[in-house]
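What follows is the residue order along each chain.
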Amino acid sequence: MRIHLGADCPLNLEATLCCGQAFRWKKQAEWWIGVTEQGPFKIRQHTSHLESENVSASYVKEYFGLKDNLPNIYARIGRDRVVREAIQEFSGLRILRQDPWECLVSYVCATYKSIPAIKSMIQKLCGKFGDETHFEGRSHHSFPTSTALAEATIAELEQCGLGYRAKYVSGTARIVSKGAVDLEQLRQVSYEQARKELLRFPGVGYKVADCVSLFSLGKLEAFPVDVWMRRAILRHYTRHLPRKLATNMKSEKSLSNAEYEKLSQFGRSHFGEYAGYAQEYLYHHERLHGLGLTIDQH
DNA sequence: CAAGTGCCTTTATC
DNA sequence: AGATAAAGGCACT
């Protein structure tokens, strides 16, 4: 399957898959191999087109956010020198449209964990509770269903390295498997409404709700603030913040909900309806140039 | 190589 | 409301 990428439709597949929105992609030679709700497939990028196998073109366009008009988005978020520099560095990076259920569980697991550790947890969860499929002679696992995780014991979940997150994943799985919340339906409602619904799940606070809103529900105004974004804001945007908030951020304490909301709202008001894109570019920019310099080696 | 630090935070408890 | 502590364990230095 070939998909043409014109000059008006840039894509950086490597950047999009490699650092931190989705945790299950692996590179083998030039191919990226992944398993989504569509099953296992592989994809690679040539200069001006995508080549994929075992997946439909329409799904690829949807999953990789190819319908997002990046040139327009860049024009809208390119409000200052810092974002414009980040856009230059990671040009073609796109926000994925992941399966909301997988995204929700992944980010519940992700709280207070490093990216390599998150990948390890998710891999174990899939190996233990996902369905086995075969693709090109290799074994793969689907992401576990909500029922599979609802039926798992806390001890089994802990064995996947979830620690105290095991009970949150279990609780969240029970709510979804009961049908009490329809995650797909959240794609149809506003960002505020979706976030409010997500906050009802155990283990989901503002940060996780924003990540799920952005990386799976297509709420492009969501502006998740993690430790890296906090550092990026502190480094480049303190003059846009109230004096008191800026001072508080310099301490190493974690953000209160009120502080989180102020930073996230700053993002939305400064960058507008595509603030989530600005967030992703700034996040990667900060990881690359920040002092903490720990780049993920998958 | 051991020990220390940090991690795409949330919840419980004051 | 707002501050504070506690919560796996893994990956990296």
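All of these numbers come straight from a predicted model, not from anything done at the bench.

### Description of the protein's contact with DNA strand C
Neighbouring residues of DNA strand C: nine residues in total, closest Y112, K113, Y164, R165 and K253. The protein-proximal atoms of DNA strand C, defined as those within 4 Å of the protein, are 55% sugar or phosphate. K113 has a polar side-chain atom sitting 3.2 Å from a base nitrogen of DNA strand C. Here a phosphate oxygen of DNA strand C and a backbone polar atom of Y164 are 3.3 Å apart. Residues of the surface near DNA strand C, tallied by class, amount to four nonpolar, two polar and three charged.

### Focus: the domain arrangement of chain A
What the domain assignment lists for chain A is domain 1 (2-67), domain 2 (100-215) and domain 3 (227-292). Across the contact, eight residues belong to domain 2 and ten residues belong to domain 3. Of the roughly 670 Å² buried between domain 2 and domain 3, counting both surfaces, carbon and sulfur atoms make up 60%. Looking at the side of domain 2 facing domain 3, the largest losses of area belong to I115, Y206 and L214, adding up to 53% of the total buried there. Put simply, domain 2 and domain 3 have one salt bridge between them. A salt bridge links R195 to E261; the shortest N-O distance between them is 2.9 Å. Linking domain 2 with domain 3 are three residue pairs in polar contact (both at pLDDT 80 or more), by the criterion used here.

### Description of the pairing of strand 5 (residues 49-53)
Burial runs high along strand 5: four of the five residues are buried. Where strand 1 (residues 2-4) lies against strand 5, three bridges are found, and the strand directions are antiparallel. Paired with I3 across the two strands is L50, which belongs to strand 5. Note: strand 4 (residues 39-45) against strand 5, four bridges, orientation antiparallel. By the bridge assignment for strand 5, Q45 is matched with L50. If you look at the hairpin formed by strand 4 and strand 5, you'll find three residues sitting between the two strands.

### Quick notes on the pattern of salt bridges
Counted according to the given criterion, the structure contains 13 salt bridges. Across the salt bridge formed by K42 and E136, the nearest N and O atoms sit 3.1 Å from each other. Residue K42 is located in strand 4, and its partner E136 is located in the loop between strand 6 (132-135) and strand 7 (138-141); the two are separated by 94 residues in the primary sequence. For K42, a relative accessible area of 10% gives the class buried. When its relative accessible area of 46% is taken as the criterion, E136 is described as partly exposed. Within this structure, E30, R44 and E51 form a network of salt bridges that share partners.

What counts and how
- Residues numbered from 1 in each chain as written.
- Chains lettered and ligands numbered in written order.
- Predicted model: local features only at pLDDT ≥ 70, side-chain atom pairs only at ≥ 80, totals over all residues.
- Heavy atoms only, no water.
- Near = heavy atom within 4 Å.
- Polar contact = N/O pair within 3.5 Å; in protein donor to acceptor, adjacent residues only side chain to side chain.
- Nonpolar A, V, L, I, M, F, W, Y, C, P; charged D, E, K, R; others polar.
- Domains from an automatic or database assignment.
- Contact = heavy atoms within 4.5 Å.
- Buried area = accessible area lost by both parts, 1.4 Å probe.
- Salt bridge = Lys/Arg side-chain N within 4 Å of Asp/Glu carboxyl O.
- Buried < 20%, exposed > 50% of the residue type's maximum accessible area, 1.4 Å probe, protein only.
- Helix = DSSP H or I, 4+ residues; strand = E, 2+ residues; numbered from the N terminus.
- Pairing = 2+ DSSP bridges.

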